Amino acid sequence: RNKKPKTENNNPLKEYLLDDQVAFILKKANQRHASIFSNLIQTIKHLQIFALAKLYELGSLSQNELGRFIAMDAANIKSVINHLKRLNLVRTTTTRMMDDAILLAHPSGESYSRTIHSEGFPSNRKTLSPLSEEEQIIFISLLQKISSLA
C-alpha cells in the first residue's frame, strides 16, 4: 500500500481515501500486469490477445459472442477484430443461418495463440510474484468471485 499523504486531511469526506478504493487498486494492479505482459509480448495489445486467446480456446464464434465471452462492448470488439484481421490472425465467414460473421482463427493466428499461451504464463507468475502460492490461489479465487457477479 502506498504511503499516506503527510498533510492532515480535514475534509469531512476524509474516509474516502483513493488509495483504499477497490476500483483504484484494481486499476493499478491491471496497469502493472499490462506492463509486464506487454514487455513479454510486444506485437499486439492485451485486449487483442484476450480476443485471440478466447477464439483459440472455444473455436469459431460470432463477433457478438466473442465480445460477451471477454466482457467487451460491441464497438471495442469490432475494433479489436478489425485489427486482428489486418494482421491476418483471424478471418470471417458468414452462414445462411446467421447474419453475424463467424470468426475463425487464421492458421497464423492459431500459431500465434500457441505462442501467447506459452509466453502469457510467465507474465501471470511475475504479476503474482509478491504473493505466496496460497495467497495467489486465494487472490485469483476472490477476483473470479467478484467478476462473476457482473
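To be clear, the structure that these remarks concern was listed above.
Residues numbered from 1 in each chain as written. Predicted model: local features only at pLDDT ≥ 70, side-chain atom pairs only at ≥ 80, totals over all residues. Heavy atoms only, no water.

Participant: Is there a simple way to explain the overall build of the chain in this structure?
Facilitator: What the chain contains, in helices and strands, is six helices and three strands. Helices (α) and strands (β) of the chain occur, in sequence order from the N terminus, as α-α-β-α-α-β-β-α-α. Here the chain holds 150 residues, and the buried ones make up 25% of them. When contacts within the chain are restricted to residue pairs at least 6 apart in sequence, long-range pairs at least 24 apart make up 52% of them. Total accessible area computed for the chain in this model is approximately 11,000 Å², and 56% of it derives from carbon and sulfur atoms. (Helix = DSSP H or I, 4+ residues; strand = E, 2+ residues; numbered from the N terminus. Buried < 20%, exposed > 50% of the residue type's maximum accessible area, 1.4 Å probe, protein only. Contact = heavy atoms within 4.5 Å. Areas by Shrake-Rupley, 256 points an atom, 1.4 Å probe, with all protein chains shown as cover.)

Participant: It is not clear to me how the environment of Ile41 should be interpreted in this structure. Could you clarify?
Facilitator: You can see Ile41 is positioned in the loop between α1 (22-40) and α2 (46-58). Considering only alpha carbons, one finds Ile41 and Thr115, 74 residues apart in sequence, at a separation of 9.2 Å.

Participant: What am I meant to see in the packing of α2 against helix α4 (residues 74-86) here?
Facilitator: Between two packed helices, the angle of one axis relative to the other and the distance separating the axes together describe the packing. Running from N to C, α2 and α4 cross one another at 80 degrees; their axes reach a closest spacing of 10 Å. Between α2 and α4, the angle is such that the two are roughly perpendicular. Contact residues: α2 offers Leu47, Gln48, Ala51 and Leu52, while α4 offers Ile77, Val80, His83 and Leu84. A class-by-class count of the residues in the contact of α2 with α4 yields six nonpolar, two polar and no charged. (Axes fitted to C-alpha atoms, helices over the stretch in contact; angles between N-to-C directions. Parallel < 35°, antiparallel > 145°, perpendicular 65-115°, else oblique. Nonpolar A, V, L, I, M, F, W, Y, C, P; charged D, E, K, R; others polar.)

Participant: So what exactly am I meant to see when it comes to the side chain of Gln48 here?
Facilitator: Here Gln48 lies in helix α2. Judged by relative accessible area, which is 10%, Gln48 ranks as buried. Polar side-chain contacts of Gln48 include one of 3.0 Å to the backbone nitrogen of Lys45. Gln48 has contacts with Val80, His83 and Leu84, leaving out every residue within four places of it along the chain. (Polar contact = N/O pair within 3.5 Å; in protein donor to acceptor, adjacent residues only side chain to side chain.)

Participant: Can you help me understand the pattern of salt bridges in this one?
Facilitator: Taken as a whole and assessed by the stated rule, the structure comprises one salt bridge. Lys54 serves as the salt-bridge partner of Glu57, at 3.4 Å between the closest nitrogen and oxygen. One end of the pair is Glu57 and the other is Lys54, both in helix α2 and three residues apart, which spans about a single turn. Owing to a relative accessible area of 52%, Glu57 belongs among the exposed residues under this scheme. (Salt bridge = Lys/Arg side-chain N within 4 Å of Asp/Glu carboxyl O.)

Participant: Explanation requested: the nonpolar core in the structure shown.
Facilitator: Nonpolar side chains in soluble globular proteins tend to end up buried together. Counting residues in hydrophobic clusters, the biggest one holds 18 residues, and the most contacted among them are Ile44, Ala51, Leu52, Leu66, Ile77 and Leu84. Looking at this core, the elements that each hand over two or more residues are α2 and α4. (Core = buried A, V, L, I, M, F, W, Y, C linked by side-chain atoms within 4.5 Å.)

Participant: Teacher, can you tell me more about unusual backbone geometry here?
Facilitator: Glycine aside, residues mostly have negative phi angles, and peptide bonds mostly take the trans form. For Ala71, which is not a glycine, the phi torsion comes out positive at approximately 55 degrees. Take Ala71: it is sitting in the loop between α3 (63-69) and α4. Phi at Asn88 is positive, roughly 60 degrees, even though this residue is not glycine. As for its placement among the helices and strands, Asn88 is situated in the loop between α4 and β2 (90-93). Asn88 sits in the partly exposed class, given a relative accessible area of 38%.

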